[in-house]
Amino acid sequence: MTKLKWGMIGGGEGSQIGPAHRLGALADGHFEFAAGALDHRPDAGRDYAQRLGIAVDRAYGDWTEMLAGERDRRDRVDLVTVATPNATHFEITKAFLEAGFNVLCEKPMTMTVEEGEEIVRVAEATGKICAVNYCYSAYPMVRQARAMVRAGEIGKVRLVVTNFSHGHHGDATDADNPRVRWRYDPAMAGVSGQFADCGIHALHMASFICDDEVEKLAADFASTIPSRVLEDDAMLNFRMTGGTVGRLWTSSVAIGRQHGFDIQVFGETGGLRWASEQPNQLIYTPVGGRTQIIEKGEGGLHADAQRLSRVSIAHPEGFPLAVANIYCDLADAIRGEVRDGLPGAADGVRSMAAVHAAVTSAGKDGAWVDARPPMFR
Ligand code: NAI
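All of the points below concern the structure found in this document. On a predicted model such as this, the values are computed, not experimentally measured, just so you know.

So, about helix H1 (residues 18-26). Buried residues of H1: Gly18, Ala20, His21, Arg22, Gly24 and Ala25, and no others. In the core, the buried residues of H1 are packed alongside strand E1 (4-10), strand E2 (31-37), helix H2 (42-51), strand E3 (79-83), strand E4 (102-105) and helix H11 (319-334).

Printed below as a string of structure tokens:
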């Protein structure tokens, strides 16, 4: 099968997420790395792209140059990944969709709900794919959890509890490090810091596994390092459309927690637990029965979990291969086979609506606020 052509914006040398995209996009042979505008410094971006094997005429200095350069090529890229800081996502994603490219945008997709709704509309109007990198949803055992909930294996879901709390921004003496600082600077990060950075992964995961949407929420935000304008810790209560009760804690000052992303789903006849630091296992307890470990790669998994388990049982698969699963589903979608579960622009705007609802709620002492984007009310 002919390889698809892939380009990336952002994710330059030393960036946090860039390597996961490169490993993920190239893992299964679906894509070749054909073009890039990888860095906010044009020369550094061109240089790094060429060191990664991109031809000199497709190693661009910035994204506008890349758009102009790729637009009229017969062998133009089939997919563009946007892995720049948050404030640039909307402009770049919209421009590439309008020019007829498929896009995988990093989260958060936009800074405002209005921008998010516009991306949904542009994607619909152009017929192009706009995916959002909620990559944790592509771990095989997260797909297994979703399939078990859908199959009624834990009954109606009563309660979902999720945390995405780490301690990597807990050192006040490091708060001015530019790679940390932008996340708490409204000009770069938007209206929310930690919740928009990590909390939305947890909220998306709750919706993904429960197969339901967040309807309303109540939030408490704190900036525990006083120089920070935006919150570095947040606690949310939420309710889903189907009545499920939700709890979410997200923090970047929880020193001692490393990645710190986990979720528990409690249904009428059973419970599930998954944690990103042990991603190959799903813990399942039927009511009145023994707790069981369901392992990636074992027999009898639901189809999606089986399909996305690459290596045999007990060989660990980790974060870059979860990102690779997003790229597998994207490659299938570009070739015409749309996969259930690929996070899209609708998920992106739902997250944005939740972020703005949480900011409003936190500003009103935790009042309950409608968390749905207007287009989905
Ligand atoms: P970073 O600060 O480590 O790297 C950003 C990269 O983008 C740098 O190479 C920088 O030179 C480049 N860049 C900045 N502006 C640019 C522009 N206008 N054009 C081209 N390149 C530009 O940031 P990090 O942590 O890699 O985050 C990037 C994005 O990825 C953020 O939106 C973040 O929320 C998201 N992210 C997602 C994760 C996930 O699990 N899905 C995990 C980590 C980050």
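Take the pattern of salt bridges next. Pairing between side chains becomes possible if they bear opposite charge and their charged atoms approach one another. A complete count under the given rule lists 33 salt bridges for this structure. Residues glutamate 70 and arginine 58 are paired through a salt bridge, measuring 2.6 Å at the closest nitrogen-oxygen approach. Taken as a pair, glutamate 70 in helix H3 (residues 63-71) and arginine 58 in the loop between H2 and H3 lie far apart in primary sequence, 12 residues in all. By the burial criterion, glutamate 70 is buried, and arginine 58 matches it. Its salt-bridge partner being arginine 372, residue aspartate 370 comes within 2.7 Å of it at the nearest N-O pair. For aspartate 370, a relative accessible area of 29% gives the class partly exposed. One salt-bridge network, in which partners are shared between bridges, spans Asp57, Arg58, Glu70, Arg73 and Asp75.

With that settled, the discussion passes to H2. Within H2, the full set of buried residues consists of Gly45, Tyr48 and Ala49. Looking straight down H2, one finds its buried side chains confined to an arc of 100°; they lie on one side. Buried residues along H2 sit in contact with H1. Backbone geometry just downstream of H2 places glycine 53 in the positive-phi region, at approximately 100°.

Conventions used here
- Residues numbered from 1 in each chain as written.
- Predicted model: local features only at pLDDT ≥ 70, side-chain atom pairs only at ≥ 80, totals over all residues.
- Heavy atoms only, no water.
- Buried < 20%, exposed > 50% of the residue type's maximum accessible area, 1.4 Å probe, protein only.
- Helix = DSSP H or I, 4+ residues; strand = E, 2+ residues; numbered from the N terminus.
- Contact = heavy atoms within 4.5 Å.
- Salt bridge = Lys/Arg side-chain N within 4 Å of Asp/Glu carboxyl O.
- Arc of directions from axis to C-beta.

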